[in-house]
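Descriptive structure summary
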Amino acid sequence: MSLELSSVKADLDAFCGAPLAARGTGFDTVWTVPAAQAHGALERLKSRHGFNMLADLTCVDLQGFGKETGAPSPAPAGARFKLVYRLSALDPATGLLNARLALDAWVDGDAGPVSAGDLFPCADWLEREVWDMFGVSFSDRPDITRILMYPEFVGHPLRKDYPIKKRQPLIGPPDGPPRERLTEADLRPRIVE
Amino acid sequence: MEQDLSAPGIMTSQLDAAIGWARKYSIFQYPFVTACCGMEFMSVACSHYDIDRFGAGFPRFSPRQADVLMVVGTISHKIAPVLRRIYDQMAAPKWVVAFGVCTCTGGFYDNYSTVQGIDTILPVDLYIPGCPPRPETVLEGLMLLQKKIQAQGRRA
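In what follows, the accompanying structure is described. (Residues numbered from 1 in each chain as written. Chains lettered and ligands numbered in written order. Predicted model: local features only at pLDDT ≥ 70, side-chain atom pairs only at ≥ 80, totals over all residues. Heavy atoms only, no water.)

What follows concerns the pattern of salt bridges. Residue and element names in this part refer to chain A. This model, assessed by the stated rule, comprises 16 salt bridges over all chains. Asp110 serves as the salt-bridge partner of Arg159, at 3.1 Å between the closest nitrogen and oxygen. Remark: Asp110 occurs in the loop between strand E5 (97-106) and strand E6 (111-112) and Arg159 occurs in the loop between strand E7 (137-138) and strand E8 (190-191); sequence separation between them is 49 residues. The partly exposed category is assigned to Asp110, whose relative accessible area is 35%. (Salt bridge = Lys/Arg side-chain N within 4 Å of Asp/Glu carboxyl O. Helix = DSSP H or I, 4+ residues; strand = E, 2+ residues; numbered from the N terminus. Buried < 20%, exposed > 50% of the residue type's maximum accessible area, 1.4 Å probe, protein only.)

A separate point is helix H2 (residues 37-45) of chain B. Since the α-helix advances by 3.6 residues per turn, residues separated by three or four positions end up pointing in the same direction. Residues and elements named next belong to chain B. Restricting attention to buried positions, one finds in H2 the residues Cys37, Gly38, Glu40, Phe41 and Val44. The arc enclosing the buried residues of H2, seen along the axis, measures out at 160 degrees, which places them on a common side. Next to the buried residues of H2 lie strand E1 (28-33), strand E3 (68-72), strand E4 (95-99) and helix H5 (135-150). (Arc of directions from axis to C-beta. Contact = heavy atoms within 4.5 Å.)

Looking now at the sheet that holds E1(B). Ordered in space as E8(A)-E5(B)-E4(B)-E3(B)-E1(B)-E2(B), the 6 strands form an open sheet in which the pairing is mixed. The two strands at the open ends of the sheet, each matched to only one other strand, are E8 of chain A together with strand E2 (58-59) of chain B. Sheet topology note: the E1(B)/E3(B) ladder contains 5 bridges and is parallel. Across the sheet, Tyr30(B) pairs through a bridge with Leu69(B), a residue of E3(B). Each of E1, E3 and E4 of chain B touches helix H3 (residues 80-89) of chain B; the most contacted strand, E3(B), lies at about 165 degrees to it. Strand contacts of H5(B): E8 of chain A together with E3, E4 and strand E5 (126-128) of chain B, with the helix running at about 170 degrees to E5(B), the strand carrying the most contacts. (Pairing = 2+ DSSP bridges. Axes fitted to C-alpha atoms, helices over the stretch in contact; angles between N-to-C directions.)

All names here are of chain B. Of all the 5 residues making up E4, 5 are buried; the element is thus mostly covered by neighbouring parts of the structure. Two elements, E3 and E4, share 5 bridges in a ladder whose sense is parallel. Bridge pairing in E4 links Met70 to Val97. Viewed along the sheet, the connection from E3 through H3 into E4 turns out right-handed. The pairing of E4 with E5 spans 3 bridges and is parallel. Its bridge partner lying in E5, Val97 is registered against Leu126. (Right-handed = clockwise from strand over helix to strand, strands pointing away.)

Structural measurements only, silent on function.
Below you can see the structure in the form of structure tokens.
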């Protein structure tokens, strides 16, 4: 690894005005940035430190974390969603991986930070997926659309409070007429006359 | 029907059987393959199990030319309207085979994105359970379907 993460960390600490919480080492380094400064941090990492690839942008819902085990939630008070930006620094000459870094950003409610689409065009689809699955919005994308689910879908299926048995009424009424159909007891083909 | 049909040259009672016989051994199938059951479908279709022994070896990738819609693999809500349109484009007489447990009931994909059985959107003639079904199971089901076709039975 030819990139020194400690100097990058010092620069980012100065940018954010406070030392960032860090965990992991080497390629598994994770820093926690305030959501409001996530875009600025990404821009700085891209322009000054060679993190030229957004490998992934995803979200974590920590509602009810530790409800059964009693483990303390890593979420700050009131926060529920965490955005995770995964960055790679690829060597422009060789294309080899110089460094890898993840940024955590705790989101206030479900109102996310500004879009990173101007820095990394691939963020467009990733943000649409985050919106589709978790309902975390991005402040400068008011008309964001779903990417995986169909437009008629109501709700955000990867939220912890999305009912696991919930059915969407796209295909017929849920209380339609009973159908002749296979059950778990059927092990052989069945023909319907 | 008090007419005397015993005159020479009239064979009305045999025509249905002849048409049924011709249809059941010349199934043109439309393979709607979306998931891992497709692997098992390939082994049925290839020479080890050789679905062509039953006259069903000819896949047509146009629904206009197909008699049997083989729905092979998980159907999500997003692809469901496409499947329904393909079914509507097929000319009658047509039959639908639900191949694998995902198409029969949704299988273990009991979640927000999967159609819980294609019989919620199409009339299904033959259910073949299994995850995925053995080729022998598919051939047994195919023989049941041929029996139904011979008897001129159909749902659409």
